[in-house]
Amino acid sequence: MFLYVSFFFVVDKYIEKKRHFEIEFAYLFMFILGGALYMTGWQYPIFNQVIGRGLISFYGGCVTAKICEKDFSQKSKYTIGCLCLLFIVFSYIFSRLFGYEKVLGNISMIAPVAIMPCIILSCYHLSFFWKIIGNRVFVFLGNISMYIYLIHHPVEYLLMCLNEKFERGFSYKSRLVFSFFFLFVVVVSYILKLIFSRPSIRRIGV
């Protein structure tokens, strides 16, 4: 909830006043704040490592989106995409050879800081990826991605509670459990998309 409140405060303060340049620094500040909270190891109600990791992931995505919006030359886009793709490939190779944690460090930090932004930037700037993500399945998932993001954790928590209450002993590595979880989240997300009007979220640029 803290992430959403902070995000809407930033959006209302800068986007509504057409101060788009300053919002980039606001996103970067919140990203750095998340890193500081995570590294301090604090465990206060609002200022703690969980909130810090959330800020890193959330505003790291915002910073990545602003980079995608930049009007780079075609050559620069190709260079950025290739560098990001090479980082992903070599990270995967070395992690398979020597172990992920030994090569890249804590997965909960390196994923939102480097891996996911590189995947997004390489897909965005390299045209041949568009042929893959431009098919109907990925377009459909992209259209409901906001709702998937909003509900996937509550659904996961609900599944954990039901597992503990009824002592079913679900294995979260099971393909059956993952398939049920994925299909349920997708169906609920699609229903939410049909219920909520698009104008209500256009204000934040979605």
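All figures in this text were calculated on a predicted structure; none of them were measured in a lab.

A few points about the pattern of salt bridges
Within the structure shown, the criterion is met by one salt bridge. Here lysine 66 makes a salt bridge to glutamate 69, at a shortest N to O gap of 3.1 Å. Linking lysine 66 with glutamate 69, this pair stays in helix 3 (residues 49–69), spanning three residues, or about one helical turn. With a relative accessible area of 15%, lysine 66 lands in the buried category.

Notes on the packing of aromatic side chains
Here a ring pair, both rings aromatic, is described through the centre-centre distance and the interplanar angle of the planes. This structure, assessed with the given rule, holds nine aromatic pairs. Centroid distance phenylalanine 180 to phenylalanine 184: 6.1 Å. Interplanar angle 25 degrees. Geometry classified as stacked. With phenylalanine 180 and phenylalanine 184 both in helix 10 (residues 175–195) and four residues apart, the pair spans about one turn of that helix. Among the aromatic residues, those joined into a cluster by ring pairs are Tyr27, Phe58, Tyr59 and Tyr149.

Brief notes about helix 9 (residues 145–166)
An ideal rise of 1.5 Å per residue puts 32 Å on 22 residues; helix 9 measures up with 31 Å between its terminal C-alpha atoms. Along its length, helix 9 shows its largest kink, about 35 degrees, at isoleucine 151, and proline proline 154 lies within four residues downstream of that point. Listed as buried for helix 9 are Tyr147, Ile151, Val155, Leu159 and Asn163.

Topic: the environment of methionine 109
With respect to the helices and strands, methionine 109 occurs in helix 6 (residues 107–125). Between the C-alpha atoms of methionine 109 and tyrosine 38, which are 71 residues apart in sequence, the distance is 9.1 Å. If we ignore the near neighbours within four places in the chain, the residues touching methionine 109 are Tyr38 and Ile56.

A short note on the packing of helix 8 (residues 136–143) against helix 10
Put simply, helix 8 and helix 10 touch, their axes get as near as 10 Å, and they point 65 degrees apart. Each of Phe140, Leu141 and Asn143 in helix 8 lies in contact with helix 10, whose residues at this interface are Phe182, Val186, Tyr190 and Lys193. Considering only residue class, the contact of helix 8 with helix 10 consists of five nonpolar, one polar and one charged.

Side note on the packing of helix 9 against helix 10
Their axes nearest at 9 Å, the elements helix 9 and helix 10 cross at an angle of 135 degrees. One element, helix 9, and the other, helix 10, form an angle in the oblique class. Helix 10 is crossed by helix 9, and the crossing has right-handed handedness. Of the residues in helix 10, those in contact with Tyr147, Ile148, Ile151, His152, Val155, Glu156 and Leu159 of helix 9 are Val177, Phe181, Phe184, Val185, Val188, Ser189, Leu192 and Lys193. Among the residues forming the contact of helix 9 with helix 10, the class breakdown is eleven nonpolar, two polar and two charged.

Considering a nonpolar patch on the surface
A surface patch of nonpolar side chains, about 920 Å² in accessible area, is lined by Leu83, Leu86, Val89, Phe90, Tyr92, Ile93, Phe94, Leu97 and Phe98. One can find leucine 86 in helix 4 (residues 74–98).

Rules used throughout
Residues numbered from 1 in each chain as written. Predicted model: local features only at pLDDT ≥ 70, side-chain atom pairs only at ≥ 80, totals over all residues. Heavy atoms only, no water. Salt bridge = Lys/Arg side-chain N within 4 Å of Asp/Glu carboxyl O. Helix = DSSP H or I, 4+ residues; strand = E, 2+ residues; numbered from the N terminus. Buried < 20%, exposed > 50% of the residue type's maximum accessible area, 1.4 Å probe, protein only. Phe/Tyr/Trp six-rings, centres within 6.5 Å; stacked < 30°, edge-to-face > 60°. Expected span 1.5 Å × (residues − 1). Bend = angle between axes of the 7 residues up to and from the residue. Contact = heavy atoms within 4.5 Å. Axes fitted to C-alpha atoms, helices over the stretch in contact; angles between N-to-C directions. Nonpolar A, V, L, I, M, F, W, Y, C, P; charged D, E, K, R; others polar. Parallel < 35°, antiparallel > 145°, perpendicular 65-115°, else oblique. Left-handed = near helix turned anticlockwise from the far one by under 90°. Patch = residues over 30% accessible without salt bridge, like charges linked within 9 Å, V, L, I, M, F, W, Y side chains within 5 Å. Areas by Shrake-Rupley, 256 points an atom, 1.4 Å probe, with all protein chains shown as cover.

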